[in-house]
Amino acid sequence: MSLLSNKMGMKQQYWKGIEELENSAEFQKDKQNEFFEGLPLEQAIDEGQSLNTNRRDFLKIFGFSLGAVTLAACNKAPIKYAVPYVEKPEQITPSSALYYASAVLVNNQVIPAIVKTREGRPIKFEPNKNTQLVSGNLLAHAHSSLLSLYDINRIENPLERISNKLVSTSWEKVDAKIIKGLNEAANTGKKIVVLTNTDNSTLHAKALEVLKQKYANVEHVVFDAISYEGILEANEKSFGKRVIPNYKFSKAEVIASFNCDFLGTWLESNKYAEDYAKHKTPDRKGHMNQHFQFESNLSMTGSNADYRLPIKSSREGLHLIKLHNEIAKLAGWKQLPIKDELEVAGGMIKNSASALWKNKGKSLVVSGSNDVSNQILVNAINNMLGNYGKTIDLTNHSNFTKYDSNKFHQLVDEINGEKVGALIVQNANPTYANIKGYDFTKLLAKVNLKVAINTHLDETNTNFDFVCPDNHYLESWNVYEPMNKSYVFLQPTISRVFNTRQAYETLLSWSGEDVSEKNGFTKSYLDLKKYWIKSDFNQAIERGFLENEAKSIPMSFSVNYEKEAQKIANRVKINDNGLELNLYQKVGPRDGCDAPTPWLHETPDPVSKICWDNYVTISKMLAEEKSISNGDVLKVSSGKKSVKLPAYVQPGQTNGTIGIALGYGRNLTTKTQNDLNNLGENLYPFVGVSNNSENYTILNVQIEKTGKTQKLAQTQTHHSIEARDIVREASIGEYKKDPKVRNEHKHNLVSLWRDHDYSEGHHWAMAIDLNKCNGCHACVVSCSIENNVPIVGKDEIIRRREMTWLRIDRYYSFASGEEYLTEEKKIDKTSKTNKTQSHYENVRVAYQPMLCQHCDNAPCETVCPVLATTHSSEGLNQMTYNRCVGTKYCANNCPYKVRRFNWFKYYDNDKFDFYFNNDLGKMVINPDVTVRSRGVMEKCSFCVQRIQETKLTAKRESRKLKSNEVQTACAQTCPTGAIVFGDLNDKNSEISKLYKDERSYHALEELDVKPSIMYMTKIRNVEENKKDQHHG
Amino acid sequence: MVLVVLLLNVLNKNLKRIINEKQGVGSTPSFYQSKIKPVISKWNPIIATLSIGTIVILLVGAWFFNFAKNEVGVQKGYAPEQPIAYSHAFHAGKLQIECQYCHSTASYAKSASIPSANTCMNCHKGVQAREKYDGEVSPEIQKIYNAVGYDPDQAKYIDNYDQKPIKWVRIHNLPDLAYFNHSQHVKVGNLECQLCHGPIQEMEKVYQYSNLQMGWCINCHRQRGIDAENNDYYEEIHKKMKIEGKTYYTVAQNGGLECSKCHY
């Protein structure tokens, strides 16, 4: 815990978890030991091995070692070969990187990206920052998605079911049989259905067109695991346009969000994160955006809000009505005559209403609900605020999802009625994301021909007759339209790894077309070039995208939303005190339908900091009421469905609600034996259907302790900050009075070290803006892939041996204003409101990326006995693996706890059967960075390989380095621009400017270690409660 | 070794002095009786065994250390048989072909790169050395044709030929933990290839000329200067050199001895 005092006497208490706040005995014991577990000596004793070495043993071992060393020395070095190309491709230079503008396809989203390749192998995604409309920001899941290319679990050959087993066969055989089957289906007058997830590509549309011409009765049905139909439907009813609008968070000064994780997982969060952060930092006048969040689970977005009110999701509608009425009062519009809304009477709603109204046309109200009525009310509020055409654009709409659940349920009925003769499933996985509890095994038995096109075997296609391997997206050509009239190009960056064929060609060949390569060009490429008439093809490919922003056409809002409000009022039973379950997505696995890649799960959840599992988040109050503690396995049941998952007491969780993440519990047959198999439980069967669309809030669930416990792999409490002032924050009011707030106190320091002289050459440094960092973890995955950081898996994380060089620390503190909380509590008439317990509902969160600080007076350098860690003349704290002998003194002496020890050899080790354990997976390794072996220490190097490479390029070109030319992997990928890296000796660089900012401070500056990283004080756009300022 | 001899010598002299003092003036015994026997008889057998043992272990250890330091993993002089008996002495020496004609990426990439077979074909499409082999294509040149799929009699490439890359044996092997970039040295440092690779233009069969040990790298970095004058990247350094009247600025002064210049 940290007690932060300022001259006004306000105290801010930070804690990393409830254990720390309560300072439990176990926590105290744990925090004493940095290395949680030593050598398993006790285990060795148990196994009957004596720890005492006698003289004979000593001599034996001594003699053996001597002999072994002598023999090893006699051994000749292995012969290595250098095999050049027979004909070197023009663009490829061995040992040099080559970049392509292409795209990342992840969780239904198309993200323009720059793909870095080495010797024809993609090794890293970098964001395409030239886009204006379609965001090129890559979040954690996008970076991790690269590993799916080198996944040995991909389908290698076309598969055919022979005596109930899928067997490899050839494309000719598969094609012939499928064409026969399709003809049969067409001849019997049955339907041929193509079931895909949302795919807005040109080639996909063409393939369907051709298929429809060839066979009668071809129908296309879209199935997405996560439904946004509420928004689609609401916009259709409100404006006659069934679209996902383009939300412009960059233009919103005030944002009110209801259960909407728009920074983490909602729709195009990579874009919203960037836009939102644009006004998240106060300008010279102290002007910044303000964010109100109303939600039941503490989401990543909620943790970034200025004001957050814990509500029950089921009552979201009432809050919306209340908000509508408060704004209507100010606007002089008609009130919605709903009495129940009074029950949610909240100061925060009132405050947000007035803030929104003050910024009409510059505000935005969003809801994560999939309920049409709620979304129509949101539209009504935005309409009243005049936000359409300004912060919400329906003209340049997003094509994120085209899912129509009615059509899907209709398809199920038709299959049931044996009207479907052939089913072609491309990527969609309805068996896993089974929302209505359909029995697909039974249903699919009624279809004669079942064909799947996919890169991996999944829950749906393992039962099919034919599985046709699709190219990975990095092996394919295509053009997508993620936004209306804006296009993103996909070009291959590697030749096909397996005997696969792009889905387009597969579908065309079933329509009887010749899809063979012509002069080395694939059919997909030739056709794409033929169909692309909007601009010069080669130019478009080079840029990777083509954007057109049309002028926003005003739409008239016409819907009887009073009726919808009434619907909400009728539906919500205000005195219903049943426990409600809120299903959410995590920033890693999201909907869970993509082939799982290990970084998705090794990356901790930003809020709970738990890796590798899903779990039940419960409120502190519920935990005390039912005496549940972290890790207790709970049985959660709703009707006949039930799952058993460990509990996690989540501060900020609304009492009376629990939360569980979707996207887990996949049932896959894989070649690899690792933690990705059997992760958590699948919650899709819990998804209910109400008001005609999927509902992710399930009412009246029961929980019950099973008596078992399960350890959660949490990186949360692995380090203690020992009450040091490491994260700083202030309110906007304080900032306006004094921009130096919290940083005004300077320590009188006496140094033990000699200062370094950086006047020559470069002086590398980093600035991290705590205001902009939203905790998304994109930097963590980007760093790990750039620097060959190994995956350690669940067990090792439980043993606190995570290897990530960069971690995002999450600190809780109690919100000072309690008035909102108590008002919400009024409606929980029956609940035992207790002040300390309700405290836990109202927490504030601060994120702080923590990495090697590259201290000038580095404590680690002082203690290394073998000079494995030394200082460079450019300000880097260097780590030399080949010198390290693994004493771990440096990690012990590091005040920031950022050094990582290689407890094992993480490559070629069956215990860690992730991508470092097979030849295909190793293709992703960055050849410029050493793969560390067992027994050495490692840590952030400020991406020294990138610094060296960029410097060398400048030297070769005989020029000075450009400002901001060197980018570390984390700074480059940060969607919000929170991390800035550069040369302090360059006066024009962004970093030099940020170092002069009043908000800048060094973490633990009192230690006088002189870090090269500046943090910038977090400013919250809140009014501090006066009462609090007089405390302490 | 020298140290041990000296030590024994000193010990011997001291003992001699002690013996002489004790015996005073007397009959002169034999050399063994007067000099050696008294010494040995005074030795404690345990201490003697231990000290001799220690000396032996130290000597063996020193030898091992030296062996490990200079021999293990050091392939100086390594000259393996190559799949094609290509002569640098002929091509680079007699014909004076520029090194970077074949090792073309040395000036702009990390690796100098072994030329791809089509580079050989630039000349060897015509040059077949038939005069030396009774009108037949030289068997060594034929190996290139086998790799790329070229029919010298028809003077054209064979259609749909399954090309076979040439498996050259790698001579210079740096460990993976060391990063070395050719362009840094060839282009930026303006170094001659021969500085590290030796008289390559005289080598019939290429051998490893330098020992490629870290000390060898460091030595050069200590001695050689950077070319600050002709490279705008070093503008600041060049200005400073002019002010201070220096003509030389070594790589080491520019941070060329720091660990993470090569190890990361």
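See the structure above.
Residue indices follow the written sequence of each chain, beginning from 1 at its first position. Labels are handed out in written order, letters beginning with A for the chains and numbers beginning with 1 for the ligands. At least 70 in pLDDT is required for a residue's local features to be given in this predicted model, at least 80 for side-chain atom pairs to be given and counted, and no such filter applies to totals for whole chains, interfaces and linings, which use all residues.

Asker: Describe the overall build of chain A, with residues and values.
Answerer: Helical segments are the DSSP runs of H or I of at least four residues, strand segments are the runs of E of at least two, and each set is numbered from the N terminus. When helices and strands are counted, chain A shows 32 helices and 45 strands. For 1032 residues, the compact-globule estimate of 2.2 N^0.38 gives 31 Å, and the C-alpha radius of gyration of chain A, at 29 Å, lies within 12% of that figure. Dimensions along the principal axes, computed over C-alpha positions, put chain A at roughly 85 × 75 × 65 Å. Two residues qualify as being in contact provided that their C-beta atoms, derived from the backbone, are within 7 Å of each other. Of all intrachain contacts in chain A linking residues separated by at least 6 positions in sequence, the fraction that spans at least 24 positions is 75%. Here the globule rule reads 2.2 Å times residues to the power 0.38, and the radius of gyration is calculated from C-alpha atoms.

Asker: How would you summarise the overall build of chain B if you had to cite specific residues and measurements?
Answerer: When its secondary structure is counted, chain B shows twelve helices and three strands. A globule of 264 residues ought to have a C-alpha radius of gyration of about 18 Å, yet chain B, at 31 Å, is considerably larger. Its C-alpha atoms give chain B principal-axis dimensions of roughly 105 × 65 × 35 Å. Neighbour counting defines burial: a residue surrounded by 20 or more other C-beta atoms within 10 Å of its own C-beta is buried, one with 12 or fewer is exposed, and intermediate counts give partly exposed, using backbone-placed C-beta atoms. Split into buried and exposed, the 264 residues of chain B put 17% on the buried side.

Asker: Help me get a handle on the pairing of strand S7 (residues 159-162) of chain A, residues and values and all.
Answerer: All names here are of chain A. Sheet analysis places S7 next to strand S8 (residues 165-168), joined by four bridges and oriented antiparallel. For Glu160, the partnering residue across the bridge sits in S8 and is Val167. Inspection of the sheet shows S7 paired to strand S19 (residues 466-469) by two bridges, in the antiparallel sense. Bridge pairing in S19 places Glu160 opposite Phe466. At least two DSSP bridges between two strands are needed for those strands to be called paired.

Asker: Residue-level account of helix H6 (residues 171-187) of chain A, with values.
Answerer: Residue and element names in this part refer to chain A. For a helix, the expected span equals 1.5 Å multiplied by the residue count minus one. In this model, H6 (17 residues) spans 24 Å end to end at C-alpha, consistent with the 24 Å of a helix rising 1.5 Å per residue. The complete set of buried residues in H6 reads Val174, Ile178, Gly181, Leu182 and Ala185. Axial view of H6: buried residues confined to an arc of 100°, hence all on one face. What points out from H6, more than 90 degrees from its buried face, is the exposed set Glu172, Lys173, Ala176, Lys180 and Asn187. Each element contacted by the buried residues of H6 is listed here: S7, strand S9 (191-196), strand S17 (420-426), strand S18 (449-454), S19 and helix H16 (503-510). Just downstream of H6 lies Gly189, where phi reads positive at about 80°. By construction, the arc corresponds to the directions joining the helix axis to the C-beta atoms.

Asker: Pulling in residues and values, what's your account of the sheet that holds strand S44 (residues 1013-1016) of chain A?
Answerer: Sheet strands associate in pairs through backbone hydrogen bonding, adopting either a parallel or an antiparallel arrangement. Residues and elements named next belong to chain A. Strand order in the open sheet formed by four strands is S42-S35-S44-S43, and the pairing between neighbours is mixed. If you trace the sheet from one side to the other, it starts and ends with strand S42 (979-983) and strand S43 (1000-1001), each paired once. As paired strands, strand S35 (residues 764-769) and S44 are joined by four bridges and run parallel to one another. Note that in S44 the partner of Asp769 across the bridge is Met1016.

Asker: Which residues make up the sheet that holds strand S6 (residues 121-127) of chain A, and what values go with them?
Answerer: Residue and element names in this part refer to chain A. Spatially, the three strands line up as an open sheet ordered S4-S5-S6, and their pairing is antiparallel. Only two strands of the sheet have a single neighbouring strand rather than two, namely strand S4 (97-106) and S6. In this sheet, neighbouring strand axes are inclined to one another by 40° on average, regardless of whether the strands run parallel or antiparallel. Pairing of S4 with strand S5 (residues 109-118), which is carried by ten bridges, proceeds in the antiparallel orientation. Pairing of Ala103 across the sheet is with Pro112, part of S5. In this description, a line fitted to the C-alpha atoms serves as the axis of each element, helices being fitted only across the stretch in contact, and the angle between N-to-C directions of two axes falls anywhere from 0 to 180 degrees.

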